Amino acid sequence: MRVETLEWLADEEKVCLVAQTKLPGKLEYIVTDNYLVMCDAIRRLEVRGAPAIGCAGAYGVVIGALSIDDTDFKQFSAELRRIMDELRATRPTAVNLFWAIDRMEKVFNEQSDIKAAQQALIKEAVEIHREDAEMCRRIGKNGAALLSDGMTVLTHCNAGSLATGGMGTALAPIYTAQDQGKNIKVFADETRPLLQGARLTSWELQQNGVEVTLICDNMAAVVMRKGWIDAVIVGSDRIACNGDVANKIGTFTVALLAKQFGVPFYVAAPTSTVDTSLASGDLIPIEERADEEVAGFNGIRTAPDGISTYNPAFDVTPNELVAAIITEQGVHKPPFDFSYLTQ
Ligand code: MRU
């Protein structure tokens, strides 16, 4: 069973999101026509994962546009641009958010009438979502060619259907290989501090009948040393032109381990995750999140009061550790140069 992480409810003009912080205990949804609820959902990781954040941003623009009362186009336009900036400010690292909102703004710039603009924005958001699902499907097909029957893949964080508008990025090759009749097993890192691996990846794979073994992040070296891992596949939040890859904190450590044990380290992401304005990963903005996420989990404090913490949500894996980047366009091997995407 594949869960749709986002859905546009056309009749009600509302967005439906899986409330991901409730998983795996409860499968609940957030249904809203309020862009502030969407901003909050992105910030609190109710909707998360770079491609899904992009789709959520686009739908956020839609519900924002539908909620504006102004009848004067100039005032409508000023208010909508303010809403777009508010959505852009929710999370800094996943470039898909900015990519999708910029696309929405471009469509809006061609409009001169409120009703027509609202309709054009709905159409564009639905199209961004549809394209994302299609990109996932192609990533699955391209990535599955790297997997043979009987392989075991280690993944970090959640880059499955919960994180995208389709079947996922890092998990798409696994689902596709499974559909092709290959038996693929997965080791999922739990992914501290917010446990996307434990809560989301293991749940999602279990729902889809993929054999998954959950490990704590600090066990990855042991399972690689035992020779249990044939490949690592992770997603990404932003890829620089030279193939440096930002992804969930801990990904860099996994890449270093993969190098040590001769395991290929693959990144799967749509080309909407490539930031063609950045030559290297040094320039990728890294989100820092609240102290409590490190000092405890789910409201239960595990560290002493007053302790200092450091909580970067992402890290950057240098391109020399990446064996290939799987996009909807194909399997890109080093040396990477994504500057052609600007053309
Ligand atoms: O903080 P999150 O849960 O949004 O982080 C998600 C990740 O790091 C994913 O690996 C990445 O966005 C790719 S999702 C297809």
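Everything below is about the structure shown above.
Analysis parameters
Residues numbered from 1 in each chain as written. Predicted model: local features only at pLDDT ≥ 70, side-chain atom pairs only at ≥ 80, totals over all residues. Heavy atoms only, no water. Near = heavy atom within 4 Å. Polar contact = N/O pair within 3.5 Å; in protein donor to acceptor, adjacent residues only side chain to side chain. Areas by Shrake-Rupley, 256 points an atom, 1.4 Å probe, with all protein chains shown as cover. 1 Å grid on protein atoms, 1.4 Å probe; cavity = no way out; pocket = protein on both sides within 12 Å on 5 of 7 lines; lining within 4 Å. Sits in = over half its atoms within 2 Å of the grid points. Helix = DSSP H or I, 4+ residues; strand = E, 2+ residues; numbered from the N terminus. Nonpolar A, V, L, I, M, F, W, Y, C, P; charged D, E, K, R; others polar. Domains from an automatic or database assignment. Pairing = 2+ DSSP bridges. Points joined across faces, edges and corners; volume = space filled by probe spheres on them.

Student: Can you help me understand the site of the ligand in this one?
Tutor: What surrounds the ligand is a group of 19 residues, the closest being Arg-48, Ala-50, Arg-91, Asn-247 and Lys-248. Within the contact set of the ligand, an oxygen atom lies 2.8 Å away from a side-chain nitrogen or oxygen of Lys-248. In isolation the ligand exposes 420 Å². Once the protein is present, 100% of that is buried. A molecule is said to occupy a pocket when more than half its atoms come within 2 Å of that pocket's grid points, and by this definition the ligand occupies the largest cavity. The set of elements that each furnish at least two residues to the shell around the ligand consists of helix H2 (50-67) and strand S9 (245-248). Split into classes, the residues belonging to the shell around the ligand amount to 7 nonpolar, 8 polar and 4 charged. Both domains that furnish three or more residues to the shell around the ligand are identified here as domain 1 (6-137) and domain 2 (145-342).

Student: I would appreciate a short explanation of the pairing of S9 in the present structure.
Tutor: If a strand is regular, its side chains alternate between the two faces of the sheet. As paired elements, strand S8 (residues 238-239) and S9 share 2 bridges and run antiparallel to each other. Considered in S9, the bridge of Ile-239 is made with Val-245. Between the end of S8 and the start of S9, which pair antiparallel, lie 5 residues, with Gly-243 showing a positive phi angle near 90°. Direction of pairing for S9 relative to strand S13 (residues 314-317): antiparallel, over a ladder of 4 bridges. Its bridge partner lying in S13, Ala-246 is registered against Val-316.

Student: Hey, could you run me through the layout of surface pockets in this one?
Tutor: One simple way to see leftover space: roll a probe sized like a water molecule over the atoms. The volume enclosed by the largest pocket comes to roughly 450 Å³. If you trace the largest pocket, you find 17 residues lining it, with Leu-194, Glu-293, Phe-297, Asn-298 and Gly-299 closest to the centre. Of all the secondary structure elements, the ones that give two or more residues to the lining of the largest pocket are helix H10 (292-295), strand S11 (296-297) and strand S12 (300-301). The element contributing the most residues to the lining of the largest pocket is H10, with 3 residues. Lining the lining of the largest pocket are residues from two domains, each supplying at least three of them: domain 1 (6-137) and domain 2 (145-342). Its boundaries defined by the atoms lining it, the second largest pocket holds a volume of some 200 Å³. Val-95, Trp-99, Thr-271, Ser-272, Val-274, Asp-275, Thr-276, Leu-341 and Thr-342 together form the lining of the second largest pocket. Among the residues making up the lining of the second largest pocket, the classes are represented as 4 nonpolar, 4 polar and 1 charged.

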